[in-house]
Amino acid sequence: MLSFEVNGGKKLRGEINPQGAKNEALQIISAVLLTPEKVTITNIPDILDVNLLIELLGEMNVKIERPQRDTCIFQADNVNVDYLRSEDYKKKSGRLRGSVMLAGPLLARYRKAFIPRPGGDKIGRRRLDTHILGFEKLGATFNYESGDGFFHLEASNLKGAYLLLDEPSVTGTANIVMAAVMAKGTTTIYNAACEPYLQQLCKMLTRMGAKISGVGSNLLVIEGVDYLGGTEHRMLPDMIEIGSFIGLAAMTQSDITIKNVSLDNLGVIPEKFKQLGIQMEFIGDDIHVPEQEMYEITTFLDGSVLTIYDHPWPGFTPDLISIVLVTATQARGSVLIHQKMFESRLFFVDKLIDMGARIILCDPHRAAVIGLGREQNLRGITMSSPDIRAGVSLLIAALSADGRSIIQNIEQIDRGYQQIDERLRKLGADIRRIS
């Protein structure tokens, strides 16, 4: 198993381009199953999770051309639906949380689907209730077979329905949308997720011939159609990478320009980092983070301690909570980090404490960070990456720390960040892979 060896304490400098958005990719690539025509997708992140999904489609007999690593041309004109019952499919789809996104398109076009128990990060429970209850309201039936760990779904006749989601799940909303676009009649989804990535999916489906109104709001109305055609689609840059690079620049006192960030789709992300005292310049569609010796956490207007918490869009994304937490460790001041959505996502802070950070883990959802104000640097240690976002947070900590750090289980990081070591070396980081 490979590890990262990091010699920290170096200031970085230069430009970096964020990869395509992972969370968008898993939805968009699944949607190619909705049409027998060619679908061209560009700005695809070259990361493990996305490549696994592309490989899975290939095993289902979807034709795939990859003229460049960031571009794929898909054609699902001869899908082997029987492959869904194979042991190989069960094994591969169970490795990838994103494989649940295949269910909506498969139900819409082939009237049956199989959903594995959720895989992916060990960051807490990932419920499938929103997906399956939504499919049920559209007319699907399901049963769970404990022997193979799969939900078996069938839908001989999908019909539009009114759905009030119990949570604005991004993947749940996307899956229901992909099933509903070819259902008979009108589907109304209230309390729908409205993240930019879901908006991207709806815009792509509309270009394919779907009839969707309310895109960007929490109320979607879908008129079912009989056929969807091919299209071309370019994915947004990954907002989680962009936030990670802002935190990295501040922690390492570096001068970094993040290129082509699609500022209009970042929501409150820049504002949250500003609350930590981080200076940023917005130049066209780029973010320049200048070298900063010190950054100071703001307080609320009444002088009380700042709280940063996650919330469905347009609130702050939960995927950046760990990045904000690690960035706060070297700020001046205090902040309460409240991770509401996943009960295990803060369970990496023990490594930061071992590195010298002042953090109180109040409970599984809350951590109080008392910034060191650079009075003392973090120190390098050996640690393991528990999940994608925590892994990159630990990498940022290691790059800012004195001495040598070893980060094990970097497959977790590779699942979400494209060639991160190579890209950071171009900025001057001392990082390499070791066995």
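On a predicted model such as this, the values are computed, not experimentally measured, just so you know.

The next thing to look at is the packing of helix α8 (residues 239-251) against helix α10 (residues 321-328). Interaxial distance between α8 and α10 falls to 9 Å at its minimum, and their mutual angle equals 5°. In terms of axis orientation, α8 runs roughly parallel to α10. In this structure, α8 contributes G243, S244, G247, A250 and M251 to the contact, and α10 contributes I323, V326 and T327.

With 77 residues, the main nonpolar core has I29, L34, V181 and L205 as its most contacted residues. Counting residues in each nonpolar core, the second largest holds 76 residues, with F4, L12, I242 and I258 among its members.

Once that is clear, we can look at the sheet that holds strand β2 (residues 13-16). Spatial strand order, β2-β14-β16-β15: four strands in an open sheet with mixed pairing. Each edge of the open sheet carries a strand with a single partner, namely β2 and β15 (281-283). When the angles between neighbouring strand axes are averaged without regard to direction, this sheet yields 20°. Pairing geometry for β2 and strand β14 (residues 255-258), over four bridges, is parallel. Residue pairing across strands places G14 opposite I256, the latter belonging to β14.

Looking at the protein chain as a whole, the pLDDT averages 93, with 97% of positions reaching at least 70. Every residue in residues 119-126 scores below 50 in pLDDT, and together they form 26 contacts with partners more than four places removed in sequence or on other chains.

About the cut-offs
Residues numbered from 1 in each chain as written. Predicted model: local features only at pLDDT ≥ 70, side-chain atom pairs only at ≥ 80, totals over all residues. Heavy atoms only, no water. Axes fitted to C-alpha atoms, helices over the stretch in contact; angles between N-to-C directions. Helix = DSSP H or I, 4+ residues; strand = E, 2+ residues; numbered from the N terminus. Parallel < 35°, antiparallel > 145°, perpendicular 65-115°, else oblique. Contact = heavy atoms within 4.5 Å. Core = buried A, V, L, I, M, F, W, Y, C linked by side-chain atoms within 4.5 Å. Buried < 20%, exposed > 50% of the residue type's maximum accessible area, 1.4 Å probe, protein only. Pairing = 2+ DSSP bridges. pLDDT = per-residue confidence, 0-100.

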